[in-house]
2 protein chains.
Amino acid sequence: MKKIESINNEHIKALYKLKTKKNRDENQMFLVDGYHLVKEAQQYLKEVLIVDEKDAISGVENILVTMEIIKKLSSTETPQPIIGVCHYFKEEIEAVNRVLLLDNLQDPGNVGTLIRSALGFNMDLIVLSNDSVDIYNDKVIRASQGAIFKIKIIRKDICEMIEILKDKGIKVWGTSLKNGKALNDFEKVNKYALVLGNEGNGVKEAILNKCDKCIFVEMEKKLESLNVGIAGSIIMHYFYSK
Amino acid sequence: MKKIESINNEHIKALYKLKTKKNRDENQMFLVDGYHLVKEAQQYLKEVLIVDEKDAISGVENILVTMEIIKKLSSTETPQPIIGVCHYFKEEIEAVNRVLLLDNLQDPGNVGTLIRSALGFNMDLIVLSNDSVDIYNDKVIRASQGAIFKIKIIRKDICEMIEILKDKGIKVWGTSLKNGKALNDFEKVNKYALVLGNEGNGVKEAILNKCDKCIFVEMEKKLESLNVGIAGSIIMHYFYSK
């Protein structure tokens, strides 16, 4: 088994650079932290850095490193002694019936939570707009609790994606507190795309104009708005449940 | 208008101590940051610290301070030039029909989001267990986006509270992936209490045993669990919507 003991090793330095989106995109690789996420990421693993040989994972390259190296590469304060190096996800948009479109979402926690809910409510594909938080951001991955590895997720222009979905005969629903129809007045269908918007500003007007209809989640006027992760999950659950 | 210019002023030192739960409880007071939250907190305001006289709020004591003092007391990195000092909420549990009970919730973001959803879906009262995160934790207040000032919220033993609710003829529903009934099989009622549990462990067995029924939110098996804020909001929305 290959061994690296210096934090100044060139390979470790190269991996450290994966902390920035620019370098992730260039190398089409990202890091995951800890036993649970490394296990969930298995199909995307390129190599694993471990401190103890007993943690070796079959089918990928295992590199023995020091805890100091793990701490340098980890994004958590008290890391477990394992880090996975993963390939980027493939871009597949074939055979999708239920699609979640995220327009300019910025909060990694919201995106991670929405990935969990999308998996739970049987969505086929998540599309993050180019101006949203990075898919491979460590906080997004952590907040998804590994769900990110079990669902198709791509980054693409939302307007472009809406055109593709319409060509496939999929209805696209925006979310908006103005001009929308109450969720519970929608027929429960099995094939749809849902657009959620930025935490402060909602879905962009140009995108709303491309949607077939707009949904709003009924609520008391005394609340200004629901959290976007909550609103999106309520809508996905509605169409999922019988 | 009273003026304080030194961060070593005794009053400022006393306010600084409100950053810990122990001192908040002793003084029955807490701090809120920024224009939006201070405005929302109006009915609880005891005094306001401002940097500019034009920000003065009528009906409470205004104290002119320096930006250095604001920075010392604020819990944000780039604070707005206003901080409110608030009285604790009153404990009222009369005339409630819809109650949200939170058993050992630890994540301030989850609690803040649930407060927003509870307000939006017309709950009357939120009860945090004694082992949950503090109501007056600055992250809870911020995540609630001010909703915390528009709904009754108390801290109390959950088992005790369940007894009180049962005496009032309110049915209490736990949440559990085992032995529960699917949400959509529940009749939409107007009077109920819902217990949500700890992020990792769910609702304590001893509390579940006191519940009339258990609810689970239908989802795909490939997801281990929903985020507690999501699950709770889906349930509250279900009973709220017609």
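Since the structure is predicted, the reported quantities are computational estimates derived from the model, not experimental observations.

Asks: Would you mind going over the overall build of chain A with me for this structure?
Replies: Looking only at helices and strands, one finds 9 helices and 12 strands in chain A. Classification of the 242 residues of chain A by burial places 56% in the buried group. If you take every contact in chain A between residues at least 6 apart in sequence, the share linking residues at least 24 apart comes to 75%. With 35 positive and 34 negative side-chain charges, chain A shows a spacing of 2 Å between the two charge centroids.

Asks: Can you help me understand the interface of chain B and chain A in this one?
Replies: In many reports, interface size means the accessible area that the parts give up when they come together. Listed per partner, the contact involves 32 residues of chain B and 32 residues of chain A. Here chain B and chain A share an interface that buries about 2,600 Å² over both sides, 56% of which is from carbon and sulfur atoms. The largest share of the area that chain B buries against chain A comes from R116(B), K222(B) and I230(B), three residues that together contribute 21% of it. Our enumeration of links across chain B and chain A arrives at 0 salt bridges. Applying the counting criterion to the chain B and chain A interface returns 20 residue pairs in polar contact (both at pLDDT 80 or more). Of all the secondary structure elements, the ones that give two or more residues to the side of chain B that touches chain A are helix 3 (34–40), helix 5 (108–120) and helix 9 (228–240) of chain B. Ranked by the residues each element gives to the side of chain B that touches chain A, the list is headed by helix 9 of chain B, at 6 residues.

Asks: Hey, could you run me through the sheet that holds strand 10 (residues 181–182) of chain A in this one?
Replies: Each strand in a sheet pairs with another by means of backbone hydrogen bonds, the pair being arranged parallel or else antiparallel. All names here are of chain A. Strands sit in the order 8-7-6-11-9-12-10 across an open sheet of 7 strands; the sheet is parallel. With one partner strand each, in any of the chains shown, strand 8 (152–155) and strand 10 form the two edges of the open sheet. Direction of pairing for strand 9 (residues 172–175) relative to strand 12 (residues 213–216): parallel, over a ladder of 3 bridges. Its bridge partner being in strand 12, G174 is matched across the sheet by C214. This element, helix 5 (residues 108–120), spans strand 6 (98–102), strand 7 (125–128), strand 8 and strand 11 (192–196) of the sheet and lies at about 175 degrees to strand 6. Against the sheet, helix 9 (residues 228–240) engages strand 6, strand 9, strand 11 and strand 12, with an angle of about 170 degrees to strand 11.

Asks: Help me out: how do you make sense of the pairing of strand 4 (residues 61–64) of chain A in this one?
Replies: For a regular strand, side chains alternate in direction, first toward one face of the sheet and then toward the other. Inspection of the sheet shows strand 1 (residues 2–3) of chain A paired to strand 4 of chain A by 2 bridges, in the parallel sense. In the strand pairing of strand 4 of chain A, K2(A) is matched with I63(A).

Asks: Just checking my understanding: could you explain helix 5 of chain B for this structure?
Replies: One turn of the α-helix equals 3.6 residues, which is why residues spaced by three or four share an orientation. All names here are of chain B. Taking 1.5 Å as the rise per residue, helix 5 with 13 residues should run 18 Å; its terminal C-alpha atoms sit 18 Å apart, in good agreement. Looking at helix 5, one finds that the buried residues are P108, N110, V111, G112, T113, L114, I115, R116, S117, A118, L119 and G120. Its side-chain oxygen at 2.9 Å from the backbone nitrogen of G109, D107 defines the N-terminal cap of helix 5. Phi turns positive, to about 60 degrees, at N122, one or two residues after helix 5.

Asks: Could you clarify how one ought to interpret the domain arrangement of chain A in this entry?
Replies: Residue and element names in this part refer to chain A. The domain boundaries assigned to chain A delineate domain 1 (2–87) and domain 2 (98–240). In this complex, domain 1 contributes 13 residues to the contact, which on the side of domain 2 involves 11 residues. Roughly 1,100 Å² is buried in total at the junction of domain 1 and domain 2, and carbon and sulfur atoms are behind 63% of that figure. Where domain 1 meets domain 2, there are 6 residue pairs in polar contact (both at pLDDT 80 or more). Secondary structure elements with two or more residues in the side of domain 1 that touches domain 2: helix 2 (21–27), strand 2 (29–33) and helix 3 (34–40). Of the residues contributing to the side of domain 1 that touches domain 2, the split by class is 6 nonpolar, 4 polar and 3 charged.

Asks: What's the story with the relation of the copies chain B and chain A in this structure? I'm lost.
Replies: Between the two chain copies there is a screw-like relation: a rotation about an axis and a shift along it. With an RMSD of 0.0 Å, the operation that places chain B on chain A is a rotation of 180 degrees combined with a shift of 0.0 Å along the axis. Taken together, the rotation and translation describe the operation of a two-fold axis. A high fraction, 100%, of the interface residues of chain B reappear at the interface in chain A, so the copies pair face to face through one surface.

Asks: Just to check I follow, could you spell out helix 7 (residues 158–167) of chain A for this structure?
Replies: Residues and elements named next belong to chain A. For helix 7, every residue scored as buried is listed here: I158, M161, I162 and L165. Along the axis of helix 7, the buried residues cluster in a sector spanning 105 degrees; they form a single face. Buried residues along helix 7 sit against strand 6, strand 7, strand 8, strand 9, strand 11 and helix 8 (205–208). Its side-chain oxygen at 3.1 Å from the backbone nitrogen of C159, D157 defines the N-terminal cap of helix 7. Positive backbone phi, at 80 degrees, marks G169, one or two positions downstream of helix 7.

Asks: What exactly am I supposed to notice about the packing of helix 9 of chain A against helix 9 of chain B here?
Replies: When two helices pack together, their arrangement is given by the angle between the helix axes and the distance between those axes. Direction vectors running N to C along helix 9 of chain A and helix 9 of chain B enclose 60 degrees, while the axes themselves pass 9 Å from each other. Compared by their axis directions, helix 9 of chain A and helix 9 of chain B come out oblique. Relative to helix 9 of chain B, the crossing made by helix 9 of chain A is right-handed. For the pair helix 9 of chain A and helix 9 of chain B, contact is made by G229(A), I230(A), S233(A), I234(A) and H237(A) and by G229(B), I230(B), S233(B), I234(B) and H237(B), respectively.

Reading the values: rules and limits
Residues numbered from 1 in each chain as written. Chains lettered and ligands numbered in written order. Predicted model: local features only at pLDDT ≥ 70, side-chain atom pairs only at ≥ 80, totals over all residues. Heavy atoms only, no water. Helix = DSSP H or I, 4+ residues; strand = E, 2+ residues; numbered from the N terminus. Buried < 20%, exposed > 50% of the residue type's maximum accessible area, 1.4 Å probe, protein only. Contact = heavy atoms within 4.5 Å. Lys, Arg positive; Asp, Glu negative; His and termini not counted. Charge placed at Lys NZ, Arg CZ, Asp CG, Glu CD. Buried area = accessible area lost by both parts, 1.4 Å probe. Salt bridge = Lys/Arg side-chain N within 4 Å of Asp/Glu carboxyl O. Polar contact = N/O pair within 3.5 Å; in protein donor to acceptor, adjacent residues only side chain to side chain. Pairing = 2+ DSSP bridges. Axes fitted to C-alpha atoms, helices over the stretch in contact; angles between N-to-C directions. Expected span 1.5 Å × (residues − 1). Domains from an automatic or database assignment. Nonpolar A, V, L, I, M, F, W, Y, C, P; charged D, E, K, R; others polar. Least-squares fit on C-alpha atoms with pLDDT ≥ 70 in both. Arc of directions from axis to C-beta. Parallel < 35°, antiparallel > 145°, perpendicular 65-115°, else oblique. Left-handed = near helix turned anticlockwise from the far one by under 90°.

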